[in-house]
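What follows is each chain in one-letter form.
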Amino acid sequence: MDFHRIKVYVNGKAYEREVESRRTLADFLRMDLSLTGTHLGCEHGVCGACTVLLNGSSARACLTLAVQADQCEITTIEGLAHADGTLSVLQQAFQECHGLQCGFCTPGMLTTLTELLNENLSPTESQVREAITGNLCRCTGYQAIVEAALLAAQKLRDQRV
Amino acid sequence: MKPAPFIYHRPQQLSEALDLVAQLDNYKIIAGGQSLMPMMNFRFVMPDHVIDLNQVTELNHISKENQQLHIGSMTRQQAIYSSALVQEHIPLVSQAYSFVSHRQIRNRGTFGGSLCHLDPSSEQPCFTAALDGVIEVASQSGKREIPIAHWTAMYMTPDLAPNEIMLGAKLSIWPKTHGWSFMEYSRRHGDYAIVGVAVLVNLSVASTIERISIALCGIDAAPVRLLNTESALINQAADESAIRMALGDIEKLPNIMEDALNTSDYRRHLAKTLTRRALLEAFERAKKRIS
Amino acid sequence: MNNHQEDSLLPHARPNQFIGSRMQRTEDHLLLQGLGKYVDDIPLTNVLYSAFVRSPHGHAKILSIDISKASQLPGVHKIYLHKDLPESAQTRLPILVPNPSIKHLMMQEVLVSKEVCCVGDAVAFVVADNRYIAEDACNLIDVEYEILPVVADCLKALDANAPSFFSGIPNNLAAQLNVHFGEVDSGFSQATHVVQEVFWNNRGSAHPMETRGYAAEYHQASGQLTVWSSGQTPHLEKKNLIDILKWDPEFIRIIHHDVGGGFGPKAIFYPEEAMVAIAAHDLLRPVKWIEDRREHFYTATQERDQWWDISIALDANAKILAMKIDMTHDNGAYLPWGIITPYIGVTTTPGPYVIPAIDVNLKVVYTNKNATSPVRGAGRPQAVFAMERILDKAARQLGIDRAEIRRRNFIQPEQMPYNNGFIYRDGKPMVYDSGDYPQCQALALEKIAYDDFPARQAAALKEGRYLGIGIANFVEGTGLGPFEGATVRVQQTGRITILTSASSQGQGHKTTFMQICADQLQVPLAMIDVITADTNAISMGIGTFASRVTVNAGNSVFLASQKVAEKIKGLAAFLMQTRVDNIQLLDGYAITIEDSSKKKSFADLARVSQGMPGFSFPEGVTNGLESTEYFSPAQSTYCNGTAAVELELDRDTCQINILKYVMTHDSGNLINPLLVDGQVQGSIAHGIGNSTLEDMQYDDQAQPITTNFGEYLLPMATDVPKVQMYHLFSPSPLNPLGVKGAGEGGTIPAAAAIVAAIEDAISDTGIFLTQAPMTPPRLFEILKKAGAYPTSTS
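Residues numbered from 1 in each chain as written. Chains lettered and ligands numbered in written order. Predicted model: local features only at pLDDT ≥ 70, side-chain atom pairs only at ≥ 80, totals over all residues. Heavy atoms only, no water.

Visitor: Explain the overall build of chain B to me, please; I cannot follow it from the model alone.
Guide: Scanning chain B from N- to C-terminus turns up eleven helices and 14 strands. For a compact globule of 291 residues, the expected C-alpha radius of gyration is about 19 Å, and chain B comes in at 19 Å, within 12% of that figure. Judged by the C-alpha coordinates and their principal axes, chain B covers about 60 × 45 × 30 Å. A burial count over chain B gives 62% of its 291 residues as buried. In chain B, of all internal contacts separated by at least 6 residues, the share reaching a separation of at least 24 is 64%. A total of about 10,900 Å² of accessible surface is found on chain B, and carbon and sulfur atoms cover 52% of it. (Helix = DSSP H or I, 4+ residues; strand = E, 2+ residues; numbered from the N terminus. Rg over C-alpha atoms; globule rule 2.2 N^0.38 Å. Buried < 20%, exposed > 50% of the residue type's maximum accessible area, 1.4 Å probe, protein only. Contact = heavy atoms within 4.5 Å. Areas by Shrake-Rupley, 256 points an atom, 1.4 Å probe, with all protein chains shown as cover.)

As structure tokens, this is what we get:
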């Protein structure tokens, strides 16, 4: 067994751990850091439930080795709400629009859409749909998720004014 | 679905990486990991060693030298997609990346990873073929260059020795007047192409074809260039008869790959359909740029 | 009363009425922060992980299993084979619903003893420190097989010389039955027209985003075995474990916390759950098994695999006189759900149409493929496909418009309640209780501008574009009994707890139940806690499937809440020495109407009602502000709908682009229209998958070919348009809330409508489409054979 010492910054907090080289980032978050918000739906990079932000960019935690995340900043669903516990604008929009049913794909949806809104506060519906093609949902039929993203974009634009 | 055990190596420089590939048996290079990790998770591959090139930053670059765009093997696909340099000089590549997978995959996936994985359906070897790409590889003993036409040794296997690492590729920049198009058919957005086509065309002032390049993916192990059509179309009009010539060439392709999900007949038909659409788009773009 | 509304509230909703309002879910707050507790998230101290060794063959005898190398791997705790199981667990699992038509019963074993019948059958179980090591150990286990002949085709399986899927059973016919009513033969002999066709639907599965998983813990101090499961039927799981483990029923508890989708396959009892429980008890440490997606492709049940040979006899006015159906259902290797799925299918076929005589021959056939059990829609999509497509064929043959032929055959609203002639799966006559089928279709056609479509189609054709339109109607039996109970209890804290066996996999049941209860007790939702899917919470339960929970559990919550409201008022009236009709409830208080300063809190009332030594209850007042109700419906209640789809077909790639998806849907009264809209949109996404994308394929050795998400295609956000949905309201007369099920209606007519639209887009070819999914490669072959691509090579 091949172990390596890594230091990762997850949701703003530093963690140092010894990990086996083959442990995926998803399993590291879930098993070593007890951050079970990142979900495993397929472990081959298609469903997107494991999506996190790695140095600000969306990435599949099931296709990343924990050792590769050494010195990296990771944002998971647990890190999206504000420090005082209030939900982010996007999370609130999901609640308002019924953008989740079973909630299993939701972590990936939120991180992916966080990246989108970080880059583009005026996405078209088409752009929103395209952004989440890498996130499968079996419950909602996507419509409420799209509406939540557009509502969040609107609210964030209004906040800027 | 967890990988089998391996020893992990993280070279900080190219020379270190070259030493490792010279010494180790049964290794795999992890670049973006978007193709390798699924295979390891399924245990389709079980390397004893994994060499991570993500710290070898000298392989991550996009630069223009003369009439070529030089892309390093560890350059992220998303970086190439959003590169202003690429959009300006090789817009074909920007259009191609709009079909490549999904944002999360492109954020990590690398150009070199795709070229070395060599999936017949992949867009990146296809546009590299259209652009007469030249691939640069290195070993401890030095560098060598391999034109894309010789890059595929066999199905999903490049002409890369075990002690070699791909450094990058040089892609030809066409004149500012050129037209281009990348078309593909996939079942859903971002899926692997069943068939894809890359077209580049340069027209004379009289709208005749000075030069044309047509490359197809999803047809064979290596991207297929329609070389007969390309030479026959020089000085011909960029019109319906040119299209029909290309389709005739496709009709005559001897071996089109087939699998349980897509027949060779279907691929051939898709190739013809998409080539027609790509030629029309490329011609229109070229005509606009001339005028 | 029938009307339709695009608005959210029920007609005549009162202000402050919880029922009928689009309330945001209470479930979301934790889920949105990643604080859900799916089975793999549950924190268990000292937990061990596990993996199964599974058969790579469709049919084989196990000759030997060598675990010596695997046992020595550091981190491996124990490896189980069939012989290591407790004796009571060495027999096959009990069947869910026996049926006299079943000729040969085949159920799973916890671990296979001698003969594997399906790729994926479990032959060994490894318990280790983590899943990585468990998989390493699995790879070191050597299983020697003798390969046996495989049955991979349900039609060939019935040939006289076909091999048997299992050596202990002489042939592959699991069950055969005939149901009929009316004078079928005379219907056909009198007919002016007879239309016949053979339809085929291929397999698919539900693929919830969370795979299956079980975690078990044996608590030595209390003797309690607790199993957490990602399931749909906690009491069914409990009952199976009691039998398999010979366990004291009072010392076993099944709990579902958060479940990441179910859609049917998680409703059955699986052998893996027994294995995990056995290991936890044996090793005296918690054990968990989390299915990976590859395993899910092999072992989570599938459905839709059926051949339908259907004929209808029509008179000169295109009215149906009689119908004959010969249906063959590819069951796979086991019968975990009996023959319910195909039975539901054939009895669903008449739909909203008057069909005076029907004869059905049903054959359920074993093959060496994965077992089938209901997947969202539960056999009805195939039935609707056959019925709606044969009507389209008849329309074409007779030169009548497709909507018109349906209009001529509808059951009219004045004919309700209408007995469609069959006995339903609930053992009761299939009596449609309410619904206005002509209005439902008419509204859908109006909203999709059906009458103007020919002009749109012609205009598009001039531009070289091919548009098509398709429609499909369905009637669905929902709210299946016998019950789903609920307890409503006012705690000494003043909070209200609802306890029910109903299980949620995303439907938002907790919020729905809160709304129903709040409506009776007039408290804000924040005062209510809901415990679902815990077998300790209520003694009996059935489970979440068949769109039954709102009808059964919802009405139980309603009745229990009503009783509790009465009890509160009765006790409060006594304590405040006033009349019961002088009491009103608001925000956790019982207040006298005459003087609002005279009130009693729910907390105080609860303490009194829970009994104080020496305090006697007055006449008519019993102890406890609680009530347990098991609402039991007299029969299923029937919802209905119409799907109308307009799409554009690329005739060269054979790809579709849905331009408009209209769904008119009648589920009676809606407790929370926001949630129902989500169910309709979500279930249509499954239907879109069934139409052109999801195609589970096996080779002729019963090897699954499509075993990952790159090969088995689920709809993405770019594949599912916004559904234009319109609700009609035919309240059910069969339950106090007037509700009907709503979770599957979107899936049921989708493939029929979409394939009809594709066919319409190629109507110039005269081709009639008989298969689903109508994938692009499949459509290409059909068009090519018909000569649609003149310059193609053959």
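Visitor: Can you walk me through the pattern of salt bridges in this structure?
Guide: If you walk through the whole model with that rule in mind, you get 76 salt bridges over all chains. A salt bridge links C:Glu295 to C:Arg54; its shortest N-O distance comes to 2.8 Å. Pair noted here: C:Glu295 is in helix α7 (residues 293–299) and C:Arg54 is in strand β2 (residues 48–54), with a separation of 241 residues, a long-range link. Both residues of the pair, C:Glu295 and C:Arg54, count as buried. Note that C:Asp392 and C:Arg406 form a salt bridge whose closest N and O atoms lie 2.9 Å from each other. Taken as a pair, C:Asp392 in helix α9 (residues 380–398) and C:Arg406 in helix α10 (residues 402–409) lie far apart in primary sequence, 14 residues in all. When sorted by exposure, C:Asp392 lands in the same class as C:Arg406, which is buried. One network of salt bridges, with partners in common, ties together A:Glu20, A:Arg22, B:Arg43, C:Arg54, C:Arg131, C:Glu135, C:Asp136, C:Arg212, C:Glu272, C:Glu291, C:Asp292 and C:Glu295. (Salt bridge = Lys/Arg side-chain N within 4 Å of Asp/Glu carboxyl O.)

Visitor: It is not clear to me how the interface of chain A and chain C should be interpreted in this structure. Could you clarify?
Guide: Reports of interface size often rely on the accessible area that becomes lost once the parts have come together. Counting from both sides, the interface comprises 47 residues of chain A and, opposite them, 52 residues of chain C. Taken together, both faces of the contact between chain A and chain C bury some 4,200 Å²; the carbon and sulfur share is 57%. If you sort the residues of chain A by the area they bury against chain C, A:Gln95, A:His98 and A:Arg138 come out on top, with a joint share of 20%. At the boundary of chain A and chain C, one finds five salt bridges. Among the ionic pairs, A:Glu147 bridges to C:Lys722, the shortest N-O distance being 3.6 Å. Inspection of the chain A/chain C interface yields 24 residue pairs in polar contact (both at pLDDT 80 or more). Of the residues belonging to the side of chain A that touches chain C, the class tally is 19 nonpolar, 17 polar and eleven charged. (Buried area = accessible area lost by both parts, 1.4 Å probe. Polar contact = N/O pair within 3.5 Å; in protein donor to acceptor, adjacent residues only side chain to side chain. Nonpolar A, V, L, I, M, F, W, Y, C, P; charged D, E, K, R; others polar.)

Visitor: How should the domain arrangement of chain B be read in this particular structure?
Guide: All names here are of chain B. By the assigned domains, chain B splits into domain 1 (7–52), domain 2 (57–171) and domain 3 (179–290). A separation of 21 Å is found between the C-alpha centroids of domain 2 and domain 3. Buried area between domain 2 and domain 3, both sides added, is near 2,100 Å², and the carbon and sulfur share of it is 62%. Taken together, the connections running from domain 2 to domain 3 amount to two salt bridges. The shortest N-O distance in the salt bridge between Asp132 and Arg225 comes to 2.7 Å. Applying the counting criterion to the domain 2 and domain 3 interface returns eleven residue pairs in polar contact (both at pLDDT 80 or more). Those elements giving two or more residues to the side of domain 2 that touches domain 3 turn out to be α5 (91–97), α8 (123–130) and β8 (152–154). When residues of the side of domain 2 that touches domain 3 are assigned to their parent elements, the largest contribution, six residues, is made by α8. (Domains from an automatic or database assignment.)

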